[in-house]
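Observations on chain architecture
The lines below spell out each chain.
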Amino acid sequence: EKGGYDYFMLKEIAEQPKAVADTLRGRLTEAGEITLDEVRLSDQDLRDVDKIFIVACGTAYHAGLVAKYAIEHWTRIPCEVELASEFRYRDPVLDRSTLVVAISQSGETMDTIMALRHAKVQKARVLAISNTNGSTIPRESDAVLYTHAGPEVAVASTKAFLTQLVACYLVGLHLAQVRGIKYADEVGAVVAQLQAMPSKVDEVLATMEPVRELGRSLGSARSVLFIGRHVGYPVALEGALKLKELAYMHAEGFAAGELKHGPIALIDDGTPVICVLPSPRGRAVLHDKMISNIQEVRARGARVVAIAEEGDTAVAPHADHVVYVPRTPTLLAPLVTTVPLQVLAAEIAATRGHDVDQPRNLAKSVTVE
Ligand code: M6R
């Protein structure tokens, strides 16, 4: 059932192109409109939304952090992302024009369920993004967009994450369309870019052997740091989470701009720093700043692993290893930049002799608060 792979996680990583394609399929009407699966909200309700909160845990929370960049850009609606376990305890300001987006692979994560119940009591509208048909979170929500990742067995989330990203993009585009604002014009172009993503993820998968090799050489590191800017920041957080879960190593993700405000003190001779670069074609300023951050960590002895776009000639002189991913629009880049980090974590864990599918102390679905 592992389809020839040593671990379900590896099989699930390999299934990502299909999972992304399946999540996109059937979401566009002939008129080019994006549809949700179950909508117990009118278009007028969606037009009335003046604030979005995304609530989720773990990997799903990281998908939400990426979503914020896309949703705010396309819809111009302020969007906050919050850990579900923190949300209701700080008495968030919610009303009927607030849209709460609950992201959960299992649909049964108790922290997320409690956050959504709190939102409903305050009369907010709730939209679920879930991989599990008929689970509690979609059942209790006003609207649902299902991810079509198929069953995810490994405790560490991989294909569910990529499909959560796709679902978030679709929600953002749907809101932009319904509200008819200026960015609605971009929707068609973004949809076409999204349709190209399964084959780009496939391309990434085909080039992972050097990443596995690198993983085998990182097994004895004491601590691994991940840095990124813009959507590369949540990708860094996700890379660090994968490594903690699977390899039981100290790993942390940072916004690269924060380094000099503290974390750079962690860097010692040989500390691996995984740097997620933005496209040099997109926001050149972000790219330049990442290169400076890379130079800063390298000057302190870091072993730099860069995840960069094909054709990025600026990074190689500053890095010990570069993993190239296909050219991708900035907002969609997490769909490709996350994949090498998943492969790296699985390989490091296997090198250290751990059970990649069933890490210690963790459950696939966390149904207690
Ligand atoms: O089922 P959910 O998406 O609600 O689960 C949320 C987290 O428990 C989950 O993403 C967890 O962080 C994974 N083990 C990450 O790999």
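Provided above is the structure to which this section pertains.
My aim in this report is to walk through the structure given alongside it, one point at a time. (Residues numbered from 1 in each chain as written. Predicted model: local features only at pLDDT ≥ 70, side-chain atom pairs only at ≥ 80, totals over all residues. Heavy atoms only, no water.)

1. Description of the sheet that holds strand 5 (residues 125-130)
What counts, and what does not: Strand pairing is assigned whenever DSSP detects at least two bridges linking the two strands. Helix and strand labels come from DSSP, where a helix needs a run of H or I of at least four residues and a strand needs a run of E of at least two; each type is numbered from the N terminus. For this analysis, residues touch if any pair of their heavy atoms sits within 4.5 Å. Axes here mean lines fitted to C-alpha atoms, for a helix over just the part in contact, with angles spanning 0 to 180 degrees between N-to-C directions.
Taken in spatial order, the 6 strands of this open sheet run 1-6-5-4-2-3, and their pairing is mixed. Each edge of the open sheet is held by one strand with a lone partner, namely strand 1 (38-39) and strand 3 (79-83). Against the sheet, helix 6 (residues 110-121) engages strand 2 (51-56), strand 4 (98-104) and strand 5, with an angle of about 165° to strand 4.

2. Comments concerning helix 10 (residues 197-205)
An α-helical turn contains 3.6 residues, so any two residues separated by three or four positions project in the same direction. Stated precisely, the cut-off is as follows: Throughout, exposure labels follow a simple rule: accessible area from a 1.4 Å probe, protein chains only, divided by the maximum for the residue type, with under 20% read as buried, over 50% as exposed, and the rest as partly exposed. Taking the helix axis as origin, the arc is that swept by the directions to the C-beta atoms.
Every buried residue of helix 10 is listed here: Met197, Pro198, Lys200, Val201 and Val204. Burial along helix 10 is one-sided: seen end-on, the buried residues are contained in an arc of 160°. Structurally, helix 10 contributes buried residues whose contacts are with helix 2 (16-24), helix 8 (159-179), helix 9 (187-195), strand 11 (321-325) and helix 14 (334-351).

3. Thoughts on the nonpolar core
Under the convention used in this document: Put simply, buried Ala, Val, Leu, Ile, Met, Phe, Trp, Tyr and Cys residues joined by side-chain atoms within 4.5 Å make one nonpolar core.
Of all hydrophobic cores here, the largest spans 90 residues; its most connected members are Ile52, Ile54, Tyr169, Leu194, Phe226 and Leu243. Of the residues forming this core, the biggest block, 13 residues, is contributed by helix 8. Other than its neighbours up to four places away in sequence, Phe226 contacts Ala236, Gly239, Ala240, Leu243, Ala251, Glu252, Gly253, Phe254, Ile274 and Leu341. Listed in part, the 20 residues of the second largest apolar core include Ile267, Cys275, Met290 and Ile291.

4. As for the pattern of salt bridges
Here is the rule: Here, a salt bridge means any side-chain nitrogen of Lys or Arg that lies within 4 Å of a carboxyl oxygen of Asp or Glu.
Inspection of the entire model under this criterion finds 19 salt bridges. As a salt-bridge pair, Lys11 and Glu15 come within 3.1 Å of each other at their nearest N and O atoms. Among the ionic pairs, Glu245 bridges to Lys242, the shortest N-O distance being 4.0 Å. Of this pair, Glu245 and Lys242 both sit in helix 12 (residues 232-247), separated by 3 residues, roughly a single helical turn. Comparing Glu245 with Lys242, the two get one shared label, buried. Within this structure, Glu209, Arg212, Arg216 and Glu347 form a network of salt bridges that share partners.

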